[in-house]
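An overview of the molecular structure
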Amino acid sequence: MFSKESKKTSVKSVSERNVIGKNTKITGDIISEGDFRIDGTLEGNIETKGRIIIGETGFIKGKADCTNADIEGKFSGDLQVSNTLTVKTSANITGDVVIGKLSVEPGATFNATCSMKGAVKELKKNEQKSTEKTA
């Protein structure tokens, strides 16, 4: 009736969804494992292993570090997206951007210094090869 099977532990992925509402202003730093939707204002830094979504009324001024990002509102500062940055028609981005992949819809304002992680790795490899040849 009772068996001596080992108990299996299941690892659950974090699927938190955090929302900063339309009329909310936060000043400070946020660190989270889950996704963030920002319809209000954040002045500070945000770091998450999930996705950052900036709604049409949303605004981030500071540094953001995430896996994926969808931007419809405004962003000003340093943005690091390890996978895909999607810039919607109503978006306005200024600052420095480091990404894995980029998708920009027509009509978006993208006034940023942008570098792609894959391209940076290739440049470094080429630089190392050229210095090895001259040495």
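Keep in mind it's a predicted model, so treat the numbers as computed, not measured.

Quick word on the overall build of the chain
Along its length, the chain carries 1 helix and 11 strands. When the helices and strands of the chain are placed in sequence order, the string is β-β-β-β-β-β-β-β-β-β-β-α. Looking at the chain as a whole, 27% of its 135 residues qualify as buried. Within the chain, contacts between residues at least 6 apart in sequence are counted, and of these 2% link residues at least 24 apart.

Brief notes about the pattern of salt bridges
Counted by the stated rule, this structure contains 5 salt bridges. Put simply, Glu-43 and Lys-25 hold a salt bridge, and the shortest N to O gap is 3.5 Å. Of this pair, Glu-43 sits in strand E5 (residues 41–48) while Lys-25 sits in strand E2 (residues 25–27), placing them 18 residues apart in sequence. A relative accessible area of 56% places Lys-25 in the exposed class. Arg-37 is the salt-bridge partner of Asp-39, the closest N and O atoms lying 3.1 Å from each other.

Brief notes about the confidence of the model for the chain
Of the residues in the chain, 76% have a pLDDT of 70 or more, and the chain-wide mean is 84. Predicted confidence for residues 6–12 stays below pLDDT 50, and this span has 0 contacts to residues more than four positions away or in other chains.

Digging into the nonpolar core
In this structure, Ile-46, Ile-52, Ile-60, Ile-71, Phe-75, Leu-79 and Leu-85 are the most contacted members of the largest nonpolar core, which totals 22 residues. Secondary-structure elements contributing two or more residues to this core are strand E4 (35–38), E5, strand E6 (51–54), strand E7 (59–66), strand E8 (68–71), strand E9 (74–87) and strand E10 (92–104). When residues in this core are grouped by element, the largest group, 5 residues, is from E9. Excluding residues within four positions of it along the chain, Ile-60 makes contact with Ile-38, Leu-42, Ile-46, Ile-52, Ile-54, Lys-74, Phe-75 and Ser-76.

What to know about the pairing of E8
Because side chains alternate across E8, one face comprises the buried residues Asn-68 and Asp-70, and the other comprises Ala-69 and Ile-71, equally buried. Summarising the sheet, E8 and E9 pair through 3 bridges and their orientation is parallel. Within E9, the position partnered with Ile-71 by the bridge is Val-87.

Focus: the environment of Ala-91
Here Ala-91 shows up in the loop between E9 and E10. For Ala-91 and Gly-58, which are 33 residues apart along the polypeptide, the C-alpha to C-alpha distance reads 9.8 Å. Those residues in contact with Ala-91 that sit more than four places away from it in its chain are Ile-71, Glu-72, Gly-73, Ala-108 and Thr-109.

Comments concerning the side chain of Asn-68
Position of Asn-68 relative to the elements: it lies in strand E8. Among the polar contacts listed, one links the side chain of Asn-68 to the backbone nitrogen of Thr-84, at a separation of 3.0 Å.

Some remarks on the environment of Phe-75
Examined against the element boundaries, Phe-75 turns out to sit in strand E9. Given a relative accessible area of 2%, Phe-75 falls into the buried group.

Focus: the pairing of E7
Alignment of E5 against E7, held across 7 bridges, turns out to be parallel. Opposite Leu-42, over in E7, you have Ile-60 as the bridge partner. In this sheet, E9 lies alongside E7 in parallel orientation, the contact comprising 8 bridges. Each bridged residue has a counterpart across the sheet, and for Lys-61 the counterpart in E9 is Ser-76.

What counts, and where the lines are drawn
Residues numbered from 1 in each chain as written. Predicted model: local features only at pLDDT ≥ 70, side-chain atom pairs only at ≥ 80, totals over all residues. Heavy atoms only, no water. Helix = DSSP H or I, 4+ residues; strand = E, 2+ residues; numbered from the N terminus. Buried < 20%, exposed > 50% of the residue type's maximum accessible area, 1.4 Å probe, protein only. Contact = heavy atoms within 4.5 Å. Salt bridge = Lys/Arg side-chain N within 4 Å of Asp/Glu carboxyl O. pLDDT = per-residue confidence, 0-100. Core = buried A, V, L, I, M, F, W, Y, C linked by side-chain atoms within 4.5 Å. Pairing = 2+ DSSP bridges. Polar contact = N/O pair within 3.5 Å; in protein donor to acceptor, adjacent residues only side chain to side chain.

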